Amino acid sequence: MPRDEIPPGTLYMLILRVLARSGEMHGYEIAKSIELLSRDILQVEEGSLYPALQRMLIKGWVKAEWGVTVENRRARYYRLTPAGRKQLEQEILQFERVIGAITRVIQAS
Amino acid sequence: MRFTEWLEELGRRVTTLFSGRAHFDHEMEEEMRLHRDLRARDLRDDGATAEEAYYSAQRRFGNSLRLREEIHQAWGWNWVDGLILDLRYAARRLRQSPGFTAIAVLTLALGIGASSAIYSFMDALLLRVLPVPDPKSLVVLKWHIATLDDSGPIGNRSVIHGRSGSTYDVPHLGHTGGIFPYPAFELFQRDDAPFLKLFAYYKTDRLNVMVKGQATVARGGYVSGDYFSGLEVVPAAGRLIAADDDQAGSAAVAVASYGFSQRHFGGPANTTGQTIVVNNVPVTIVGVTAPEFFGVDPGVSPSLFFPVHLNVRLEGIKPWGFKPAQYLDQNSYWLEIMARLRPGVTMTQAQAALAPRFHHWVETTATKDVERANLPELVLQEGAGGLDALRRRYSRPLYILLTLVAFILTIACANIANLLLARATTRRREIALRLSIGASRARLVRQLLTESVLLAFLGGAVGVGIAVWGIRFLMVLLASGRQDFTVIHPDLNWHVLAVAAALSLLTGVLFGLAPALQSSQVDVAPALKEIRSGESRARSSLSLSHVLVVSQIGLSLLMLVAAGLFVRTLKNLQAIELGINRENLLLFSMNASQVGHGGTEILSFYDGLQKRLAGLPGVRSASLAHTGLVADGNSSTCVIVPGKPVDDRTYYLNVGPAFFSTMQNPILFGREIDERDQLKSPAVVVVNEEFVKAYFDRQNPLGHHLTFGCMDAARDLEIIGVAKNAHYGDLRAEVPPVIYVPYKQSPVPSFEMTYALRTAGDPLAMAKMARDIAHQADPRVPVTDVITQTAAIDRTMGQEAMFAELCTAFAVLALLIACVGLYGTVSYNVARRTHEIGIRIALGARRGVVVWMVLRQVLALAALGLAIGVPVALATSKLIESFLFGMKPNDLLALTIAVLTLAGSVALAGYAPAWKASRIDPMIALRDE
């Protein structure tokens, strides 16, 4: 099955989206859930996931807290903040506008 | 991004930074390890071998070091690392030239320290709010009126017939006051819609207070029933004054200040329920205020608070003291009023609601057309800082001082910028080298700026130490001997420290930016080729340094002119011909009426005391008057001289026998008041020269009669002597016409008396004996205001003395800094031109010519500085006109002295390097190549 890189600029939106869906997740769960939801088409690079998460922490979009996984291992769990929720709405709006525009260009006869 | 968001983000960055980087990396590591392990497990589940899965998971992460670096960068830590590097480098550079560093740090420290000290006073005096809940909702009630001039034949021109309390002029708004008649207070209380509470305050006179048989004097305040509840303060013990206490006929109660209860009862717990005797009236203390509470006037800290209505009993005995009728008088203004706004009501709304009501009411109190045309209009002012008398008094002097220290700081900055410019030129090679191996100009500028900001912060740190000392010094100067200057405690709080830090940053950038920018503009190739670093022709840096020197000279001139004006003002004040001999004169005051002395008995009490004091060994003579002659209050009266128009610009002084010989105020004609002038003997008066000029056209007035007072308490007096003019009351005013009346015969009875002792030696040495004699006469009457006449006069010139001393110190400092800067610049120029000068000398230039060549440049700079400074000084000295005495702001002498001092200092600062230049040995200079 072909796997694609995540288009630049959309990683934040995807992370925010999966966090909004399931509340609390650690890094691997976030990556996994993006892969699953995209039916394995989108592939999250670990090398971009963790810097992105740290930038989102700085921006105050997510909060992190240490917890324990089902296998009893320590893991950092990320959660959306109200600011993150607002950011998600904005990113989706913007994304839809861009995608709509691109689609119109492609489909123009 | 909004500022708050930026701030929150900064907060997160800083907290993470301070939680420790090792810990952070460790957590990052653990998080990623989990990720790799889980990924490997999933790959195994998909059928990969354990080894394959491990490496595949590992590979997906890529270079973990780069990842970490990226995350560090996201948090901004590389910036912090760079800063630390820059700081280390800067510290090393500063250590390399300790002389430069010491001079720079010291001059900056003086500038920043002085500014911070003065700012701390502004913070305490002008910006601090009352220590009560929600001070922002407090307002002060005031009025504006077109004119308050009630002199002249028409009499009252406003509804304000009598007033007790200060009023002041506000440019463009007319006269302003914060005092109201009691009926107006009741009016506002009736119509109190915009206010939660409305309350009133009135300062007491000095009170005689007996605590456990010990007599003291204290200041107090009368407060209305809603005062404490309106301010929403709670007592430290007992209860506070409530509405029931403030009724005519209520029990005599008081609330003590925390300080009073500690001084006299050892703390609030023992104070409640105690009875003290105030002005001969027993008063029960019902409570104690909290330690930080000082009332609503930052200038006065009352020891005792009484209900307003108690004033009739405490201070009603004077003829002009409080009579119950005054509560009904609509034209007598005395009560200060504050209020707390209802939540949601703005000050503007409250004023819009109340001003028409007050206008309507005050109109009904007018009886004449002139009064109706000139009605006071109600205005509301912010009350968070309480009443503003103290702020009004000190804001202008503080702003002037702040301007002066800002000048010093500017000069210091210019100076350091100049020194840095000179250093930058010697660093050209180093900078060129760094540029050539790839350093960015921005990075270099940042590094050079770090150096100057570090320098500034060192200066700021030392400056805070100077500020601590400066605050104490200023406290002494500003208080100028006033004992009640204790409410305000300027200190190094975080406001002041923040200002000092901000100043350091600002100055660091200011003096660092120009040299940093300039030195990063180095042209790499030629700079590297230079053999010696000083050889280059840095034209632009020279002209910038010239601008800096010229501006330093100009600013120094301004400060020298200001210092000259203030010193001359002080000298003029000190040179005022008093008309008496101020040396060896001891003054003190007593008020026997407050403990029940009265009628003719009080006369013999004061008389007996005078005789005993005059008999003391070491006392040449002793007398008394109802107020101190100079530097105290004064009393005016209306006087009728037959055949002359009545007016009330004459002043009177009730005096005892031997007053003139004690004060050494010469009698020109006739005799002085002496023991012959008793209660029952013919009533007499001594007048001064000014009085003779005003009423007798310089004719001999002896034997003529005058009537003292126009109302029922008038008395016919025969003129028996003419005294030489002597200042009475305000020293700055012209000597008014004065009549001196024996206090035993005066129609205006005397209550407080000021004794004057002419001593053989040091007057203060007699103070103890005088106190003992007074104590023997009546231990209930405390002796107050013990002071020598000289000190009493000096105290009235406190502000002028402060300006003269501070401004002189500042000007000397400014001049010193400017000269050091000039010396540095010229020396540097000479050093740079060593080669050229060597050639000139080798070719036969005489030493004098070389000296002149260097000096000419210095003098040209000075002339330019003066050419700019003199017009500016002339234009700006008008701003301090109200602080000057006996001279115009464009005083020629002050200006000349300033110009000469400056020119002399500059020539001196320039001569040393010029002389050095002339001593250059051409052989050495040329071989130096």
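Up top is the structure these notes are about.
Residues numbered from 1 in each chain as written. Chains lettered and ligands numbered in written order. Predicted model: local features only at pLDDT ≥ 70, side-chain atom pairs only at ≥ 80, totals over all residues. Heavy atoms only, no water.

Asks: So what exactly am I meant to see when it comes to the overall build of chain B here?
Replies: Each helix and strand in chain B was counted, giving 28 helices and 28 strands. In terms of overall size, chain B is more extended than a compact globule, its C-alpha atoms giving a radius of gyration of 37 Å where 929 residues would be expected to give roughly 30 Å. Expressed along its principal axes, the backbone C-alpha trace of chain B runs to roughly 120 × 95 × 60 Å. Per-residue burial for chain B yields a buried fraction of 53% across its 929 residues. (Helix = DSSP H or I, 4+ residues; strand = E, 2+ residues; numbered from the N terminus. Rg over C-alpha atoms; globule rule 2.2 N^0.38 Å. Buried < 20%, exposed > 50% of the residue type's maximum accessible area, 1.4 Å probe, protein only.)

Asks: Explain the overall build of chain A to me, please; I cannot follow it from the model alone.
Replies: The secondary structure content of chain A amounts to four helices and five strands. Ordered by position in the sequence, the α and β elements of chain A form the string β-α-β-α-β-α-β-β-α. C-alpha atoms of chain A, sized along the principal axes, occupy 55 × 35 × 20 Å. Here chain A holds 109 residues, and the buried ones make up 43% of them. For chain A, contacts bridging at least 24 residues in sequence account for 54% of all contacts bridging at least 6. Surface summary for chain A: the accessible area is close to 6400 Å², and the carbon and sulfur share equals 55%. Charge centroids of chain A, computed over 16 positive and 13 negative side chains, lie 6 Å from each other. (Contact = heavy atoms within 4.5 Å. Areas by Shrake-Rupley, 256 points an atom, 1.4 Å probe, with all protein chains shown as cover. Lys, Arg positive; Asp, Glu negative; His and termini not counted. Charge placed at Lys NZ, Arg CZ, Asp CG, Glu CD.)

Asks: Any chance you could explain the nonpolar core here in plain terms?
Replies: Soluble globular proteins tend to bury their nonpolar side chains together. All names here are of chain B. Of all hydrophobic cores here, the largest spans 108 residues; its most connected members are L398, L401, F566, F659 and Y740. Top contributing element to this core by residue count: helix α24 (residues 798-832), with 16 residues. When residues no more than four places from it in sequence are discounted, the contact partners of F659 are S623, L624, A625, L629, L653, E672, I673 and Y740. I145, V159, A184 and L378 belong to the second-largest nonpolar core, a separate cluster that totals 56 residues. (Core = buried A, V, L, I, M, F, W, Y, C linked by side-chain atoms within 4.5 Å.)

Asks: I would appreciate a short explanation of the interface of chain A and chain B in the present structure.
Replies: Interface extent is often summarised as the accessible area lost during association of the parts. Taken residue by residue, the interface counts 29 residues in chain A and 24 residues in chain B. Three residues stand out in chain A for area buried against chain B, namely Y28(A), E46(A) and I58(A), and they jointly supply 30% of the buried area on that side. Counting across the interface, chain A meets chain B through nine salt bridges. A salt bridge links E46(A) to R39(B), with the shortest nitrogen-to-oxygen separation between them at 3.1 Å. Where chain A meets chain B, there are 17 residue pairs in polar contact (both at pLDDT 80 or more). Looking at the side of chain A that touches chain B, the elements that each hand over two or more residues are α2 (27-37), α3 (46-59) and β5 (74-80) of chain A. A total of 10 residues in the side of chain A that touches chain B trace back to one element, the largest contributor, which is α3(A). Broken down by class, the residue content of the side of chain A that touches chain B amounts to 11 nonpolar, seven polar and 11 charged. (Buried area = accessible area lost by both parts, 1.4 Å probe. Salt bridge = Lys/Arg side-chain N within 4 Å of Asp/Glu carboxyl O. Polar contact = N/O pair within 3.5 Å; in protein donor to acceptor, adjacent residues only side chain to side chain. Nonpolar A, V, L, I, M, F, W, Y, C, P; charged D, E, K, R; others polar.)

Asks: How do you make sense of the packing of aromatic side chains when you look at a structure like this?
Replies: Where two aromatic rings form a pair, the distance of their centres and the angle of their planes describe that pair. Residues and elements named next belong to chain B. Within the structure shown, the criterion is met by 39 aromatic pairs over all chains. Centre to centre, the rings of Y652 and F708 are 4.9 Å apart; their planes meet at 50°, and the pair counts as tilted. Placement of Y652 in strand β21 (residues 647-655) and of F708 in strand β24 (residues 705-708) is noted, with a sequence separation of 56 residues between them. With a relative accessible area of 7%, Y652 lands in the buried category. Judged by its relative accessible area of 1%, F708 is buried. Of the aromatic side chains, those joined through ring pairs into one cluster are Y182, F185, Y202, Y222, F306, Y327 and W334. In this arrangement the basic side chain of R434 is found over the ring face of Y89, its NZ or CZ atom lying 5.2 Å from the centre. (Phe/Tyr/Trp six-rings, centres within 6.5 Å; stacked < 30°, edge-to-face > 60°. Lys NZ or Arg CZ within 6 Å of the ring centre and 35° of its normal.)

Asks: Looking at this model, I keep getting lost on the environment of D246(B). Mind explaining?
Replies: All names here are of chain B. Considering the arrangement of structural elements, one finds D246 in the loop between β10 (235-238) and β11 (253-256). Owing to a relative accessible area of 7%, D246 belongs among the buried residues under this scheme. In sequence terms D246 and D762 are 516 residues apart; their C-alpha atoms lie 49 Å from each other.

Asks: Where do I start with the pairing of strand β20 (residues 635-640) of chain B in this structure?
Replies: Each regular strand shows side chains that alternate between the opposite faces of the sheet. Residue and element names in this part refer to chain B. Across four bridges, the pairing between β20 and β21 is antiparallel. Directly across from V639, in β21, lies its bridge partner D647. Counting the residues that bridge the hairpin from β20 to β21 gives six residues, and of these G643 lies at a positive phi of roughly 85°. As paired strands, β20 and β24 are joined by two bridges and run antiparallel to one another. When the sheet's bridge partners are listed, I640 is paired in β24 with T707. (Pairing = 2+ DSSP bridges.)

Asks: Honestly, the pattern of salt bridges in this entry has me stumped. Any pointers?
Replies: A full pass over the atoms with the stated rule returns 42 salt bridges over all chains. The shortest N-O distance in the salt bridge between R74(A) and E30(B) comes to 3.1 Å. In this pair, R74(A) sits in strand β5 while E30(B) sits in helix α2 (residues 21-45), so the two residues belong to two different chains. Here R74(A) falls in the partly exposed class, since its relative accessible area comes to 41%. The shortest N-O distance in the salt bridge between D730(B) and R732(B) comes to 3.8 Å. Through salt bridges with shared partners, one network takes in K32(A), E71(A), R41(B) and D42(B).

Asks: Explain a nonpolar patch on the surface here, please?
Replies: Residues and elements named next belong to chain B. Together, F3, W6, L7, L10, V14 and F18 line one region of the surface with nonpolar side chains, adding up to about 630 Å² of accessible area. As for its placement among the helices and strands, L10 is situated in helix α1 (residues 3-18). For L10, a relative accessible area of 37% gives the class partly exposed. (Patch = residues over 30% accessible without salt bridge, like charges linked within 9 Å, V, L, I, M, F, W, Y side chains within 5 Å.)

Asks: How should helix α14 (residues 428-436) of chain B be read in this particular structure?
Replies: An α-helix turns once per 3.6 residues; consequently, residues spaced three or four apart project the same way. All names here are of chain B. If you check which residues of α14 are buried, you get R428, I431, A432 and L435. Around the axis of α14, the buried residues are gathered within 100° of arc, so they sit on the same side. Within two residues after α14, G438 carries a phi angle of roughly 105°, on the positive side. (Arc of directions from axis to C-beta.)

Asks: What am I meant to see in unusual backbone geometry here?
Replies: Peptide bonds are trans in most cases, and residues, glycine excluded, mostly fall at negative phi. You will see that D40(A), though not glycine, has its phi angle at about 65°, which is positive. Along the polypeptide, D40(A) turns up in the loop between α2 and β3 (42-43). The class for D40(A) is partly exposed, based on a relative accessible area of 28%. Phi at E232(B) is positive, roughly 60°, even though this residue is not glycine. By secondary structure assignment, the location of E232(B) is in the loop between α8 (227-231) and β10. In this structure E232(B) comes out as partly exposed when scored by relative accessible area, which is 37%.

Asks: I tried to follow the pairing of β24(B) on my own but got confused; where do I start?
Replies: Residues and elements named next belong to chain B. What you see with β24 is a clean split: L706 and F708 sit on the buried side and H705 and T707 on the side with no burial. In this sheet, strand β25 (residues 715-723) lies alongside β24 in antiparallel orientation, the contact comprising four bridges. In the strand pairing of β25, L706 is matched with L717.

Asks: Would you mind showing me how to read the state of the cysteines here?
Replies: Working definition of a disulfide: a covalent bond connecting the sulfur atoms of two cysteines. Residues and elements named next belong to chain B. Per the counting criterion, the structure on display carries zero disulfides over all chains. For C413, which is in no disulfide, the shortest distance to another cysteine sulfur is to C819 and amounts to 18 Å. Classification of C413 by relative accessible area gives buried; the value is 9%. We note that C807 lacks a disulfide partner, and the nearest cysteine sulfur, in C819, lies 17 Å from it. (Disulfide = S-S within 2.5 Å.)

Asks: Help me understand the sheet that holds β5(A), please; the structure alone is not making it clear to me.
Replies: Within a sheet, adjacent strands bond to each other through the backbone by hydrogen bonds, running parallel or antiparallel. If you trace the three strands from one edge of the open sheet to the other, you get β2-β5-β4 (chain A), paired in antiparallel fashion. Of all strands in the sheet, those bounded by a partner on one side alone are β2 (25-26) and β4 (62-68) of chain A. Note that β4(A) and β5(A) share seven bridges and pair antiparallel. Residue pairing for β5(A): W66(A) is matched across the bridge by R76(A). Seen against the sheet, helix α1 (residues 11-22) of chain A touches β2, β4 and β5 of chain A and runs at an angle of roughly 95° to β5(A). The strands touched by α2(B) within the sheet are β2, β4 and β5 of chain A, with β5(A) carrying the most contacts at an inclination of about 100°. (Axes fitted to C-alpha atoms, helices over the stretch in contact; angles between N-to-C directions.)

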